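Examination of the molecular architecture
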Amino acid sequence: MKDLLRTNSSLHEGIEKLLNIQAKIESDASNKYLAMASWLDRNGYANTADYLYAQSEEEREHFLKIFKYITELGGIAITPTVGEVQQEFRSLKEVFEIALQNEIAVTHAINKIVAKCRAENDYATEEFMMWYVREQREEEKNARRALELFDLIDENAPSGKFELDKEIAKLGATI
């Protein structure tokens, strides 16, 4: 049956491989945000935790969207394994420094898929991936904005942590 699926698929094997890698990246991102949200909850940042719980769910949706796309085109979607995820962080700011690094890495991976689509003349998958291109622009913007808030709000001021928790959580409203 595997050969029959492959012969009836318009999805190039190289692109299918990259999409499966991207599905894993999105799944891993969901788990990373979940771990960050848990740390935030344990450390009194309830509002920011809720924001990252929502981010975790959004990343899971991104994963499922790619996973289903592969199968819809007759490809073989590979269920990603769950790897180790960082559970502890030095500070609230470190959480968002890591989040931004992760989002930039996701953007690079998506760009790699789009480039491969163009090289293979796979216009359908390129069009599908453009949603992710737009989404990543927003994801990076929100992570950068969270870090900018640390320049605007003194975390060590009496109400600094409370204000940061409140303001970062508002980023979810802009999604």
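A brief report on the enclosed structure follows. (Residues numbered from 1 in each chain as written. Predicted model: local features only at pLDDT ≥ 70, side-chain atom pairs only at ≥ 80, totals over all residues. Heavy atoms only, no water.)

1. Quick notes on the overall build of the chain
Where we set the bar: Strands here are runs of E lasting at least two residues and helices are runs of H or I lasting at least four, both read from the DSSP assignment and numbered beginning at the N terminus. Buried, partly exposed and exposed residues are distinguished by accessible area as a fraction of the type maximum, computed with a 1.4 Å probe on protein chains only: under 20%, between the cut-offs, and over 50%, respectively. Whether two residues are in contact is decided by their heavy atoms, any of which lying within 4.5 Å being enough. All accessible areas in this document rest on Shrake-Rupley with a 1.4 Å probe, and a residue is counted as covered only by the protein chains that are shown. Only four residue types enter the tally: Lys and Arg on the positive side, Asp and Glu on the negative side; His and the chain ends are excluded. Think of each charge as sitting on NZ of Lys, CZ of Arg, CG of Asp or CD of Glu.
In terms of helices and strands, the chain carries six helices and zero strands. The N-to-C order of helical and strand elements in the chain reads α-α-α-α-α-α. Oriented by its inertia axes, the alpha-carbon framework of the chain measures out at about 65 × 25 × 20 Å. When burial is assessed residue by residue, the chain has 44% of its 175 residues classed as buried. Considering only contacts in the chain between residues 6 or more positions apart, those separated by 24 or more positions represent 74%. Taken as a whole, the chain presents about 9600 Å² of accessible surface, with 53% of it coming from carbon and sulfur. A gap of 3 Å separates the mean positions of the 22 positive and 32 negative side-chain charges of the chain.

2. Some words on the pattern of salt bridges
Rules: What makes a salt bridge here is a side-chain nitrogen of Lys or Arg within 4 Å of a carboxyl oxygen of Asp or Glu, nothing more.
Applying the stated rule across the entire model yields nine salt bridges. Taking the shortest distance from any N to any O, the salt bridge between Glu-140 and Arg-144 comes out at 2.8 Å. Within this pair, Glu-140 and its partner Arg-144 are both found in helix α5 (residues 123–152), separated by four residues, close to a single helical turn. The exposure class assigned to Arg-144 is partly exposed, which follows from its relative accessible area of 37%. Across the pair Lys-170 and Glu-167 runs a salt bridge whose closest N-O atoms are separated by 3.0 Å. A relative accessible area of 24% places Glu-167 in the partly exposed class.

3. Topic: unusual backbone geometry
Even without a glycine there, the phi angle at Asn-121 is positive, about 55°. Mapped onto the elements, Asn-121 comes out in the loop between α4 (92–120) and α5. Here Asn-121 falls in the partly exposed class, since its relative accessible area comes to 48%.

4. Some details on the side chain of Asp-165
Keep this limit in mind: For the purposes of these results, a polar contact is taken to be a pair of N or O atoms within 3.5 Å, where, inside protein, one atom must be able to donate a hydrogen and its partner to accept one; residues adjacent in sequence count only when each atom of the pair is a side-chain atom.
Topologically, Asp-165 is positioned in helix α6 (residues 160–169). Reaching out from Asp-165, the side chain makes a polar contact with the side chain of Thr-48 at a distance of 2.7 Å. Aside from chain neighbours lying at most four places away, what touches Asp-165 is Gly-44, Tyr-45, Ala-46, Asn-47 and Thr-48.

5. Some points on the packing of α5 against α6
Note the cut-off: Axes here refer to lines fitted to C-alpha atoms; in helices the fit is confined to the stretch in contact. Angles between the N-to-C directions go from 0 to 180 degrees. Our angle categories are set so that under 35 degrees counts as roughly parallel, over 145 as roughly antiparallel, 65 to 115 as roughly perpendicular, and the remainder as oblique. Handedness of a crossing is defined here by the sense of rotation of the near helix relative to the far one, left-handed for an anticlockwise turn of less than a right angle and right-handed for a clockwise turn.
Remark: α5 packs on α6, axes separated minimally by 10 Å, with the N-to-C direction vectors making an angle of 150°. Comparing the axis directions of α5 and α6 gives the class roughly antiparallel. At the point where α5 passes α6, the crossing takes the right-handed sense. Contacts between α5 and α6 involve Ala-146, Leu-149 and Phe-150 from the former and Leu-164, Glu-167 and Ile-168 from the latter.

6. Comments concerning the environment of Gln-101
With respect to the helices and strands, the residue Gln-101 is situated in helix α4. Note: C-alpha distance between Gln-101 and Arg-144 (43 residues apart in sequence) is 9.9 Å.

7. Quick word on the nonpolar core
Put simply, the rule reads: To qualify as a nonpolar core, a set must consist of buried Ala, Val, Leu, Ile, Met, Phe, Trp, Tyr and Cys residues joined through side-chain atoms within 4.5 Å.
In this structure, Met-36, Leu-40, Leu-52, Leu-92, Val-95, Phe-96 and Ile-168 are the most contacted members of the largest nonpolar core, which totals 25 residues. Elements that contribute at least two residues to this core include exactly α2 (13–42), α3 (46–72), α4, α5 and α6. Ranked by residues supplied to this core, first place goes to α4 with six residues. Sequence-distant contacts of Leu-40, defined by excluding residues within four places in its chain, comprise Tyr-45, Thr-48, Ala-49, Leu-52 and Leu-92. Residues Ile-66, Ala-77, Val-114 and Met-129 belong to the second largest nonpolar core, which totals 18 residues.

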